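Survey of secondary and tertiary structure
These are the residues of each chain, in order.
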Amino acid sequence: MIAEDLRAAEGGDAPVQLRGVGVRTDAEKIAAFRRESGDFVGQTAGENFDPNAVPLTYPFCWLTMPEIRPTLEGQIGAGFLPVHEAQSFDYVRPLAVGRDYLLDFTFTRTSDPERLTVKVAISTPDAGTWATFETVLRIVPLAAIAAPSNE
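Being a predicted model, the structure only gives us computed values, none of them experimental. (Residues numbered from 1 in each chain as written. Predicted model: local features only at pLDDT ≥ 70, side-chain atom pairs only at ≥ 80, totals over all residues. Heavy atoms only, no water.)

Notes on the overall build of the chain
- In terms of helices and strands, the chain carries two helices and six strands.
- Along the chain, from the amino end to the carboxyl end, the secondary structure elements read β-β-α-α-β-β-β-β.
- The 151 residues of the chain split such that 30% are buried.
- Across the chain, the fraction of contacts at a sequence separation of at least 24, relative to all contacts at a separation of at least 6, is 64%. (Helix = DSSP H or I, 4+ residues; strand = E, 2+ residues; numbered from the N terminus. Buried < 20%, exposed > 50% of the residue type's maximum accessible area, 1.4 Å probe, protein only. Contact = heavy atoms within 4.5 Å.)

And the structure:
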């Protein structure tokens, strides 16, 4: 994995990139994702349900990997709460179970309002890009969240 921190070089608002993060679409992890997301019988796929297919939203779980988490938390910052605002997935071809992929992450922090946008390209050396996805997190200062009243 090659990490590039462009922020220092470009004045503070430049994206931070992580390139070449290796992942594998493991059948057991995909089955667990289906159970945890409530799609264990494939209701989102309708008549074309394939129990061996990778769910379209599965790549989102790669944001929690130990290789990604420190960069994600660093971009959010201490004293802030990330709130999921939006996500989108764009597939060139479906992901395959049991296949190795490379992920290229771009983290971009913006203000007014504070947001962190994470863009991810999913590829293989032999077939190029398979998919891309984008997640937008609203970054809320913890101080702005009122403590519950005891009244």
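Moving on from the coordinates now.
Comments concerning the environment of valine 140
- With respect to the helices and strands, valine 140 occurs in strand 6 (residues 128–141).
- Note: C-alpha distance between valine 140 and phenylalanine 80 (60 residues apart in sequence) is 5.4 Å.

Regarding helix 2 (residues 69–76)
- Of the positions making up helix 2, those classed as buried are Thr71, Leu72, Gln75 and Ile76. Down the axis of helix 2, the buried set is contained in an arc of 135°. They therefore lie on one face. Exposed side of helix 2, more than 90 degrees from the buried face: Pro70 and Gly74 are the residues found there.
- Structurally, helix 2 contributes buried residues whose contacts are with strand 2 (16–24), strand 3 (80–91), strand 4 (100–110), strand 5 (115–124) and strand 6.
- Positive phi shows up at glycine 77, right after helix 2, with a value of about 90°. (Arc of directions from axis to C-beta.)

Here we look at a nonpolar patch on the surface
- Residues Leu81, Val83, Leu142 and Ile145 make up a contiguous nonpolar surface patch of about 300 Å² in total accessible area.
- We classify valine 83 as partly exposed; its relative accessible area is 36%. (Patch = residues over 30% accessible without salt bridge, like charges linked within 9 Å, V, L, I, M, F, W, Y side chains within 5 Å. Areas by Shrake-Rupley, 256 points an atom, 1.4 Å probe, with all protein chains shown as cover. Salt bridge = Lys/Arg side-chain N within 4 Å of Asp/Glu carboxyl O.)

Quick notes on the side chain of serine 123
- Within the secondary structure, serine 123 is located in strand 5.
- Other than its neighbours up to four places away in sequence, serine 123 contacts Tyr101, Leu102, Gly128, Thr129 and Trp130.

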